[in-house]
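An overview of the molecular structure
For reference, the chains in residue letters:
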Amino acid sequence: MLAIKIHDTLTNSKNELELNKKIRIYLCGVTVYDDSHIGHARTIIIFDTLRRFLESKKIDVELIQNFTDVDDKIIKRANDENVESDIISDKYIKKYFDDFSQLNIKNATRYPKATEHIPDMINLIQNLIEKEFAYVSKNGVYFKVAKFTDYGKLSKKKIVDLESGARIEIDETKDSPLDFA
């Protein structure tokens, strides 16, 4: 019997995959506002290799890879080019498929788009607000990092060790500089 172990980042341990059933992989896809780059290629090649290996062992694999097709960067690019944002996202989704077909990457089982799930996102955000894990400010809706006691557990970082303003300018309308949109 084939035994495959994968590294579990949360527990920092190697766990054996249960191979007697379908393996389901969700791959966070690209934000489609520009051409793909080597980082995108690295990610998809790794997951394509894993998928092909599992399939070679007669294991059923479902690979889902999303496209973020609405985002500030997409809207900015659309405004700069004086077109609708779906023109930008459609253009770069097509280019994505063109680029990765040249790398002989197997297509994912499905490619959901963020715009297909806007009502789901709104419901999730409303639930977070109702449970006081998120709040509305004049600049948007923010997740309350301090409210989630396990925040940083996956990255092995403590909240007190996180540096505010290192990546983006601090938004004074947030309850905490660590809160995120």
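Our structure's up above, just so we're on the same page.
Residues numbered from 1 in each chain as written. Predicted model: local features only at pLDDT ≥ 70, side-chain atom pairs only at ≥ 80, totals over all residues. Heavy atoms only, no water.

Glancing now at the overall build of the protein chain. Scanning the protein chain from terminus to terminus reveals 4 helices and 6 strands. Start at the N end of the protein chain and walk to the C end: the helices and strands fall as β-β-β-α-β-α-α-α-β-β. Dimensions along the principal axes, computed over C-alpha positions, put the protein chain at roughly 55 × 45 × 30 Å. Looking at the protein chain residue by residue over its 181 residues, the buried ones come to 26%. Of the contacts formed within the protein chain by residues at least 6 apart in sequence, a portion of 64% connects residues at least 24 apart. As displayed, the protein chain has an accessible area near 12,900 Å², and 52% of this comes from carbon and sulfur atoms. (Helix = DSSP H or I, 4+ residues; strand = E, 2+ residues; numbered from the N terminus. Buried < 20%, exposed > 50% of the residue type's maximum accessible area, 1.4 Å probe, protein only. Contact = heavy atoms within 4.5 Å. Areas by Shrake-Rupley, 256 points an atom, 1.4 Å probe, with all protein chains shown as cover.)

With 19 residues, helix H1 (residues 38-56) extends 26 Å from end C-alpha to end C-alpha; this agrees with the ideal 27 Å at 1.5 Å per step. Buried residues along H1 sit against strand E3 (23-27), strand E4 (61-65) and helix H3 (85-101). One or two positions beyond H1, positive phi appears at Lys-58, with a value near 65 degrees. (Expected span 1.5 Å × (residues − 1).)

This part is about unusual backbone geometry. Notably, Asn-12 is not glycine yet its phi reads approximately 55 degrees, a positive angle. Mapped onto the fold, Asn-12 is located in the loop between strand E1 (5-8) and strand E2 (13-16).

Side chains three or four residues apart in an α-helix point the same way, a direct result of the helix having 3.6 residues per turn. Among the residues of helix H2 (residues 72-81), the N-terminal cap falls to Asp-71, whose side-chain oxygen and the backbone nitrogen of Lys-73 are separated by 2.8 Å. Looking one or two places after H2, you find Asn-82, whose phi comes out positive at around 55 degrees. (Polar contact = N/O pair within 3.5 Å; in protein donor to acceptor, adjacent residues only side chain to side chain.)

Moving on, we get to the side chain of Gln-65. By the element assignment, Gln-65 lies in strand E4. Of the polar contacts made by the side chain of Gln-65, one reaches the side chain of Tyr-96; its length is 2.7 Å. For Gln-65, the contacting residues outside a window of four places in its chain are Leu-27, Gly-29, Ile-44, Tyr-96, Ala-108, Arg-110, Tyr-111 and Pro-112.

Glancing now at the nonpolar core. With 23 residues, the main nonpolar core has Ile-23, Val-32 and Leu-54 as its most contacted residues. Per element, the largest residue contribution to this core is 5 residues, and it comes from H3. If near-sequence neighbours (up to four positions away) are discounted, Leu-54 is found in contact with Ile-4, Leu-19, Ile-23, Ile-59 and Val-61. (Core = buried A, V, L, I, M, F, W, Y, C linked by side-chain atoms within 4.5 Å.)

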